[in-house]
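As a plain string of letters, each chain reads:
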Amino acid sequence: TCIMIGDYHDNQDKSQLLFLISKDGGHSWTGMPKIEDFPSKWRKNISFDSMHCSGKNCFIAGSYDDQPMLLTSNDGAVAWAMTKEENIFDLPSFM
């Protein structure tokens, strides 16, 4: 599994969030997966700062409305959950 995160500027010079996943070594990519509790207007006020995977456990750290945010997956980036704000330090048991 390969994951690409970051941002880019579109043709109107607006910053756009980038979150792509490849399951075939980078030959093909799919867009933003469904993330439990993720805001419907996810492109605004969200930034991804770092990402790490170990085996099937993946973590993406960032912020949402200037509050810390952690995205976690324990099944190889298939399903994701978001932890933010007051419970950011309640890390998953596989850490």
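A brief report on the enclosed structure follows. (Residues numbered from 1 in each chain as written. Predicted model: local features only at pLDDT ≥ 70, side-chain atom pairs only at ≥ 80, totals over all residues. Heavy atoms only, no water.)

1. Some points on the environment of M51
The test is simple: Only DSSP runs of H or I covering at least 4 residues are called helices, and only runs of E covering at least 2 are called strands; the numbering of each starts at the N terminus. For this analysis, residues touch if any pair of their heavy atoms sits within 4.5 Å.
Structurally, M51 can be placed in strand β4 (residues 46–54). Residues M51 and A61 lie ten residues apart in sequence; the distance between their C-alpha atoms is 6.4 Å. The residues contacting M51, other than those within four sequence positions of it, are I3, I5, F59 and I60.

2. Quick notes on the pairing of strand β6 (residues 67–73)
For clarity, the threshold we go by: Classification of residues uses two cut-offs on accessible area relative to the type maximum, computed with a 1.4 Å probe and protein chains only: under 20% is buried, over 50% is exposed, and between them is partly exposed. Two strands are counted as paired when DSSP detects at least two bridges linking them.
Where burial is concerned, most of β6 is hidden: five out of the seven residues are buried. As defined by bridge partners, strand β5 (residues 57–64) adjoins β6 across seven bridges and the pair is classed as antiparallel. Among the inter-strand pairings, Y64 is bridged to a residue of β6, identified as Q67. A loop of two residues connects β5 with β6, the two strands running antiparallel in sequence, and D65 in this loop sits at a positive phi of about 50°.

3. Some remarks on the nonpolar core
As a reminder of what qualifies: For the purposes of this section, nonpolar cores are sets of buried Ala, Val, Leu, Ile, Met, Phe, Trp, Tyr and Cys residues that join through side-chain atoms within 4.5 Å.
Residues I3, F19, F48, I60, M69, L71 and W80 are the most contacted members of the largest nonpolar core, which totals 15 residues. Breaking this core down by element, the ones donating at least two residues are β2 (15–22), β4, β5, β6 and β7 (80–84). Apart from residues no more than four positions distant in its own chain, I3 is found in contact with F19, L20, I21, W29, M51, C53, C58, I60, A77 and W80.

4. A short note on the state of the cysteines
Heads up, the condition is: We call a pair of cysteine sulfur atoms a disulfide whenever their separation is within 2.5 Å.
If you walk through the whole model with that rule in mind, you get one disulfide. Paired by a disulfide, C53 and C58 hold their sulfur atoms 2.2 Å apart. Between C53 and C58 the disulfide shows an S-S torsion of about 115°. By sign, it is right-handed. There is no disulfide at C2, and the cysteine sulfur nearest it, in C53, is 9.2 Å away.

5. Observations concerning the packing of aromatic side chains
Put simply, the test is: Stacked, tilted and edge-to-face are the three classes assigned to paired rings of Phe, Tyr and Trp, where Trp is represented by its six-membered ring and a pair needs centres within 6.5 Å; plane angles under 30 degrees give stacked, over 60 edge-to-face, the rest tilted.
If you walk through the whole model with that rule in mind, you get two aromatic pairs. Ring geometry for F19 against F48: centres 5.5 Å apart, planes inclined by 85°, an arrangement best described as edge-to-face. Linking F19 in strand β2 with F48 in strand β4, this pair joins segments that are 29 residues apart in sequence. The two residues F19 and F48 agree in class, both being buried.

Distances and angles like these do not, on their own, reveal function.
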